[in-house]
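# Inside the fold
Okay, here's what each chain looks like letter by letter:
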Amino acid sequence: MDILETDAYDKRQRRNMSCALLFSLLPFFLSSALYFYLWTPDLVPSVVSAGVKSAPTLLLAVVVLSWNGGQSVLGVAGGLIFSAVGDCCLVWPELFIHGMGAFAVAHLLYSVTFLSSRYATYSASSLNCFLYLILLIVGGAFYIYLFPFLQKAPNSDLLTPGVGIYFILITIMAALAIRTRHAATLLGSLSFMVSDASLALQVFKVLPPIEHGQIYVMVTYYLAQLLITVGDIKAVENKDDFSKWKRS
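All of these numbers come straight from a predicted model, not from anything done at the bench.

A few words now on a nonpolar patch on the surface. A cluster of nonpolar side chains, namely Leu22, Phe23, Leu26 and Phe29, defines an oily patch on the protein surface of about 410 Å² accessible area. Of all the secondary structure elements, the ones that give two or more residues to the nonpolar patch are α1 (3-24) and α2 (26-37).

And the structure:
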């Protein structure tokens, strides 16, 4: 098999894998559509509403496990499972702190994954350092802006430091996503930050009530989880391709 034939074969393989990945993501798209179709802002919190909300994230965890294997439980799949727990907790306002804790664990698992060998290691560049600095400034400025509103919230003694720690973890996760140089992973992490910032502005009453504000939160959230999932699967695929190239 010459170089042209090998290249054509590799392209067919990638196309087939992309089609298979898209097919495996169909349950996620359908469950997300169901969530928005059943959307009722004044719905009484229930196990059913928690299940509908967390289903898309759990289905993404199944996709990661089916593609990357059981070791993903301590990586992106585990992060998605903890995110689903967080989804359920946030259905009940009194469980907000528990939900924030679940998402904090998810960010830790994502961060550990972005540091793993499945993502190629690149030397730090001046652009990366600049982006890290921007993330640090934006995250710090947002927390300072949020601080007086946290002081007025119920359980402020827990929320004020808890939200600070949470913002540190999600900022580290986004910084490590920059390090991976995977577009889907980076965009997913940034979308997660946008979703959480939007949620914080509404929960802590920084802004007046926004019509359909929660929909903006969930659209950016589901998009973030989807992109992080695809980025993790592609990272493993690219690593396997690189290994084959080295052996050839």
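And the narrative resumes.
Where α2 contacts helix α3 (residues 47-68), the two axes come as close as 8 Å, and the packing angle between them is 170 degrees. As far as their axial angle goes, α3 and α2 are roughly antiparallel. Considering how the two elements wind past one another, α2 and α3 form a crossing that is left-handed. In this structure, α2 contributes Pro27, Phe28, Ser31, Ser32 and Tyr35 to the contact, and α3 contributes Val52, Lys53, Ala55, Pro56, Leu59 and Leu60. Grouping the amino acids of the contact of α2 with α3 by side-chain chemistry returns eight nonpolar, two polar and one charged.

Turning to the packing of aromatic side chains, a few remarks are in order. This model, assessed by the stated rule, comprises 16 aromatic pairs. Ring plane angle 90 degrees and centroid distance 5.7 Å describe the contact between Tyr35 and Tyr222, whose orientation is recorded as edge-to-face. You can see Tyr35 sitting in helix α2 and its partner Tyr222 sitting in helix α9 (residues 213-247), a full 187 residues away along the chain.

With that settled, consider helix α7 (residues 156-180). Taking 1.5 Å of rise per residue, the 25 residues of α7 would be expected to cover 36 Å, and the 36 Å separating its terminal C-alpha atoms lies within 8% of that figure. Within α7, 18 of the 25 residues are buried, leaving the element largely enclosed by the surrounding structure. In the segment just after α7, Arg181 is the residue with positive phi, at about 60 degrees.

What follows deals with the nonpolar core. With 52 residues, the main nonpolar core has Tyr110, Phe114, Leu146, Val163, Phe192 and Phe204 as its most contacted residues. Listing elements by their share of this core, those giving two or more residues are α2, α3, α4 (76-91), α5 (96-114), α6 (126-152), α7, α8 (183-203) and α9. Here the element with the most residues in this core is α7; it accounts for twelve residues. Setting aside its immediate chain neighbours within four residues, Tyr110 contacts Val76, Gly79, Leu80, Ser83, Met173, Phe192, Gln225 and Ile228.

Contact geometry of α5 with α8 gives a least axis separation of 13 Å together with a crossing angle of 165 degrees. Classified by the angle their axes make, α5 and α8 are roughly antiparallel. Where α5 crosses over α8, the handedness of that crossing is left-handed. Facing Phe96, Phe103, His107, Tyr110 and Phe114 of α5, the residues of α8 in contact are Thr185, Ser189, Phe192, Asp196 and Val203. Here the contact of α5 with α8 is built from residues that sort into six nonpolar, three polar and one charged.

Along the chain, the position of Ser31 falls in helix α2. According to the relative accessible area criterion, Ser31 is buried, its value standing at 10%.

What counts and how
- Residues numbered from 1 in each chain as written.
- Predicted model: local features only at pLDDT ≥ 70, side-chain atom pairs only at ≥ 80, totals over all residues.
- Heavy atoms only, no water.
- Patch = residues over 30% accessible without salt bridge, like charges linked within 9 Å, V, L, I, M, F, W, Y side chains within 5 Å.
- Areas by Shrake-Rupley, 256 points an atom, 1.4 Å probe, with all protein chains shown as cover.
- Salt bridge = Lys/Arg side-chain N within 4 Å of Asp/Glu carboxyl O.
- Helix = DSSP H or I, 4+ residues; strand = E, 2+ residues; numbered from the N terminus.
- Axes fitted to C-alpha atoms, helices over the stretch in contact; angles between N-to-C directions.
- Parallel < 35°, antiparallel > 145°, perpendicular 65-115°, else oblique.
- Left-handed = near helix turned anticlockwise from the far one by under 90°.
- Contact = heavy atoms within 4.5 Å.
- Nonpolar A, V, L, I, M, F, W, Y, C, P; charged D, E, K, R; others polar.
- Phe/Tyr/Trp six-rings, centres within 6.5 Å; stacked < 30°, edge-to-face > 60°.
- Expected span 1.5 Å × (residues − 1).
- Buried < 20%, exposed > 50% of the residue type's maximum accessible area, 1.4 Å probe, protein only.
- Core = buried A, V, L, I, M, F, W, Y, C linked by side-chain atoms within 4.5 Å.

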